[in-house]
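# Commentary on secondary and tertiary structure
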Amino acid sequence: KPVVAGTSDLVATIAAQMDIAAAALACDLTRVATLQLGHADGGLSMIPGIDHHNTTHAVGGDAAGSAVEDHKKIDAWTAARIAYLLGRLDNVREGNGTLLDNTLVLFGSDTTTAINIKQGPHRHFRFPYFLAGGGNLGLKTGRVITYNNPNTTDVRKWTPHTRLLVSIARMFGANVDTFGGWDTGSGPLAQL
């Protein structure tokens, strides 16, 4: 049966996929799981009456109020899905805490508020990323960290997201200093 976007079928399908990922992690069948909701240009209307693609692309420096409000609804819908996953991981007891304590969940999006609409929402910087869990990995939670002047249009002054990926790789014991070829610098993020 096809999943109809914007219905409870979509929520149930996502929950089932998260249940499978949590079970696979709990049984140590895998150490990595990924789940993608939609694709770069939306691809899925989560909330009836809100055009995901046009809403996320309208939000920028001069976005109209209705687009911002609709974007907040999309963010809240997505956050509820992530909260479900975190709850599933936190319900699995392990010797030194819970599966969530021993798992790092990275959530991100490929759209963000642009400095101005000409730059568009898919610029590969200034994305919000959220980390959850990982208490037994030494991750300090409950913080918001902002790196390198996010209000400048000079992208050379921005901290690339690849530094976050280097930091995560190091948390799991990988001895790496770079990730990909976009960032000319090296090393993990400070403060993380």
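Quick summary incoming for the structure in this document. The model shown is predicted, which means the values in this text are computed figures rather than measured ones.

## Notes on the overall build of the protein chain
- Along the protein chain, the regular secondary structure elements total four helices and four strands.
- Across the 192 residues that make up the protein chain, the buried fraction comes to 31%.
- In the protein chain, once contacts between residues fewer than 6 apart in sequence are set aside, the share between residues at least 24 apart is 54%.
- For the protein chain, the computed accessible surface area is about 11,400 Å², with 54% contributed by carbon and sulfur atoms.

## Thoughts on unusual backbone geometry
- Non-glycine residue D28 carries a positive phi angle of around 60 degrees.
- For D28, the position within the fold is in the loop between α1 (8-26) and α2 (52-58).
- Positive phi is not limited to glycine here, since Q191 has a value of about 80 degrees.
- The topology assignment puts Q191 in the segment after α4 (162-171).

Procedures and definitions
- Residues numbered from 1 in each chain as written.
- Predicted model: local features only at pLDDT ≥ 70, side-chain atom pairs only at ≥ 80, totals over all residues.
- Heavy atoms only, no water.
- Helix = DSSP H or I, 4+ residues; strand = E, 2+ residues; numbered from the N terminus.
- Buried < 20%, exposed > 50% of the residue type's maximum accessible area, 1.4 Å probe, protein only.
- Contact = heavy atoms within 4.5 Å.
- Areas by Shrake-Rupley, 256 points an atom, 1.4 Å probe, with all protein chains shown as cover.

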